[in-house]
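The chain contents come next:
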Amino acid sequence: MATPAPEQPPPGQEAKKLHFVIVGGSLGGLAAGIALTALGHDATILERNAAPVLQDQGAGIVAGGDTLAFFARYDRTGRPLAVRSARRQYLDRRGAVVHAVDVAQSMTSWDLAYHLLRANFDGLASAYCPAPPAPAPPGRGRATHLHDRRVTRFEEEAGGGVRAFWRTAAGAEGSTLGDVLVGADGPSSTVRALLEPAVARTYAGYCALRGTLPEAAASAATRAALCERFTFFHGPGVQCLAYLIPGRAGAVEPGRRLINFVCYANFPAGSPELARVLTGRDGRRRQVTMPPGMTDPGAWEEQRAWARAALPPPLAEVVCGAERPFVQAVTDVLSPRNEYLGGKVVLLGDALAGFRPHTVASTSQAAFDAMLYADYVAGRVSRDEWIRQTLGFARYIQRRGVDMGERSQHQDLPLEEYIRDRDVASTPREQEVFPDWATAI
Ligand SMILES: Cc1cc2nc3c(=O)[nH]c(=O)nc-3n(C[C@H](O)[C@H](O)[C@H](O)COP(=O)(O)OP(=O)(O)OC[C@H]3O[C@@H](n4cnc5c(N)ncnc54)[C@H](O)[C@@H]3O)c2cc1C
């Protein structure tokens, strides 16, 4: 595979070397760091996690057009990112295929995407990429990844730039000065909360029950029903989907992949059912995510019983067979702006807009935001174009996710309606026409 060369700004628009301080070292922060260092600027990621490498959630993500475009543009590892599905299908409660359409889709795992981005950003070697590319070849900026740095606040410096103040798990305090602060710190963003204290992250009234089953551990009938397929089931208050993702250390070969499932089920806010599913084996109540391996065995047994009663047999089998299931409360959040302090602070990815998962667009948003921001920094797109495109995507897809979720969880519609919603959500971003309310700045 050809090694992408460092990107050069258009002639006459060579900018001074900048230092970007990026808060958050998940997919969005890493994507921004890669895109900006490829332009020759320096980037420092401040990640709050106390461990040097983030723990994976053991689950899949759909690799949408912008995610694939990002890897095509910046990846220097040459490792395969995704597995493909050739067909989208809908099952009825008995497991019969009631609708199918041939559409190609690429799916990856969070951990594979994360490790490939780390390999590209700061040369982290891992089982996913044992021989990463050189971190800083000529023309690239310096890439620094600092873990155990929880950013608590920032200040504009009198002499220019922005200083991010952080604290370690042991209580040590320090700060990092940059020309621009990029908030890639997720849906509960601290950077956004400091700028937009009125913006709240709210619970949508349902949770995603998630997990994986090795394809080799599934029955022959379930493998035949689900492999190479992107499968959906809709029932009253229930949506369940399953698709293949890369397996251990990013293996994409048949037999070594995982069947990934996501089931959306209603748990009313404040209900004892919600408290039960979000209280772990350690007795601690989580607000948003019950990590893999922490679900309470009794509470998960109830979900297995529910799956057997409510889902088609192949989907019930993968739910019941998952070894490390996890639960995510579905939430909504949207920032009104992505640029602050005259461009010295920028929000991207989930910090800008936390989408409902039905949109399958969160990782693509992070990739798109990073690429377009780098194009703006390089002088390839205007400030207005960058803001309009970024906010248009954020606002429009965020609204779409709310609509899709409300329809699938709270309205018992004919299957055709859900199929139409899915088809609309599969529109490539370049073909989307964002309405004026979405792109207004
Ligand atoms: C550990 C992890 C596992 C995930 N697993 C999956 C998955 O399996 N499937 C899936 O579809 N999506 C998963 N996601 C979500 C997915 O990565 C995002 O929706 C999407 O890629 C956009 O990411 P983001 O970088 O904008 O935000 P996020 O992925 O939410 O990342 C935000 C990052 O900022 C860090 N952070 C937050 N506050 C601070 C602070 N004050 N100071 C410093 N750092 C801070 C967080 O620790 C986190 O690493 C996961 C996210 C994380 C963090």
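Residues numbered from 1 in each chain as written. Predicted model: local features only at pLDDT ≥ 70, side-chain atom pairs only at ≥ 80, totals over all residues.

Quick notes on the overall build of the chain
So the rule is basically this: Labels follow the DSSP assignment, with helices taken as runs of H or I lasting at least four residues and strands as runs of E lasting at least two, numbered in each case from the N terminus. Computation of the radius of gyration draws on C-alpha atoms, with the globule rule given as 2.2 Å multiplied by the number of residues to the power 0.38. Between the buried cut of 20 or more and the exposed cut of 12 or fewer other C-beta atoms within 10 Å of a residue's own C-beta lies the partly exposed class, and all C-beta atoms are placed from the backbone. Two residues form a contact once the distance between their C-beta atoms, set from the backbone, is within 7 Å.
Of the regular secondary structure elements, the chain holds 12 helices and 21 strands. Over its C-alpha atoms the chain spans a radius of gyration of 21 Å, differing by no more than 12% from the 22 Å that the globule rule assigns to 441 residues. Within the chain, buried positions represent 47% of all 441 residues. Partitioning the contacts of the chain with sequence separation of at least 6, the portion at a separation of at least 24 is 69%.

As for the domain arrangement of the chain
The following threshold applies: Segment limits for the domains were obtained from an automatic or database-derived domain assignment. Under the scheme applied, nonpolar residues are Ala, Val, Leu, Ile, Met, Phe, Trp, Tyr, Cys and Pro; charged residues are Asp, Glu, Lys and Arg; polar residues are all the others, including Gly.
Once the domains are mapped, the chain shows domain 1 (19-72 + 110-201 + 332-411 + 427-439) and domain 2 (83-106 + 204-330). One C-alpha centre belongs to domain 1, the other to domain 2, and the line joining them spans 27 Å. If you look at the interface, domain 1 gives 16 residues, while domain 2 gives 25 residues. Every element with two or more residues in the side of domain 1 that touches domain 2 is listed here: β3 (60-62) and α10 (383-410). Per-element accounting of the side of domain 1 that touches domain 2 gives the leading share, 3 residues, to α10. Considering only residue class, the side of domain 1 that touches domain 2 consists of 8 nonpolar, 6 polar and 2 charged.

Quick notes on the sheet that holds strand β20 (residues 345-347)
The line we're drawing: Between any two strands, pairing holds if DSSP finds at least two bridges. Helix axes use the C-alpha atoms of the stretch in contact, all axes being lines fitted to C-alpha atoms, and the angles between their N-to-C directions lie in the range 0 to 180 degrees.
The 6 strands are arranged β8-β2-β1-β12-β20-β19 in an open sheet whose pairing can be described as mixed. A strand with exactly one partner marks an edge of an open sheet, and here the two such strands are β8 (143-146) and β19 (339-340). Bridge analysis of β19 against β20 gives 2 bridges, and the strand direction is antiparallel. Bridge assignment links Glu339 to a residue of β20, and that residue is Val346. Along the sheet, helix α1 (residues 27-37) contacts β1 (19-23), β2 (42-46), β8 and β12 (180-183); its crossing angle with β2, the most-contacted strand, is approximately 165°.

So, the environment of Arg79
With respect to the helices, strands and loops of the structure, Arg79 is situated in the loop between α2 (65-74) and β4 (83-85). Residues Arg79 and Ile387, 308 residues apart in the sequence, show an inter-C-alpha distance of 32 Å. Non-local contacts of Arg79, meaning those with residues more than four positions away in its chain, are made with Leu116, Cys129 and Gly250.

Remarks on the nonpolar core
When a protein is soluble and globular, its nonpolar side chains tend to lie buried together. Filter applied, for reference: In this usage, the nonpolar core is the set of buried Ala, Val, Leu, Ile, Met, Phe, Trp, Tyr and Cys residues whose C-beta atoms join them within 7 Å.
In this structure, Ala31 and Leu348 are the most contacted members of the largest nonpolar core, which totals 116 residues. When residues are assigned to domains, this core turns out to be shared by domain 1 (19-72 + 110-201 + 332-411 + 427-439) and domain 2 (83-106 + 204-330), each giving three or more. If we ignore the near neighbours within four places in the chain, the residues touching Leu348 are Gly28, Ala32, Val182, Ala184, Asn338, Ala366, Asp369, Ala370 and Tyr373.

Digging into the sheet that holds β3
Reading across from one edge, β3-β7-β4 is the order of the 3 strands in this open sheet, with antiparallel pairing throughout. In this open sheet, the two edge strands, each paired with only one partner strand, are β3 and β4. On average, each strand axis in the sheet is inclined to that of its neighbour by 35°, with strand direction left out of account. Alignment of β4 against strand β7 (residues 105-109), held across 3 bridges, turns out to be antiparallel. When the sheet's bridge partners are listed, Arg84 is paired in β7 with Ser106. Helix α3 (residues 110-122) contacts β3 and β7 of the sheet and is inclined by roughly 75° relative to β7.

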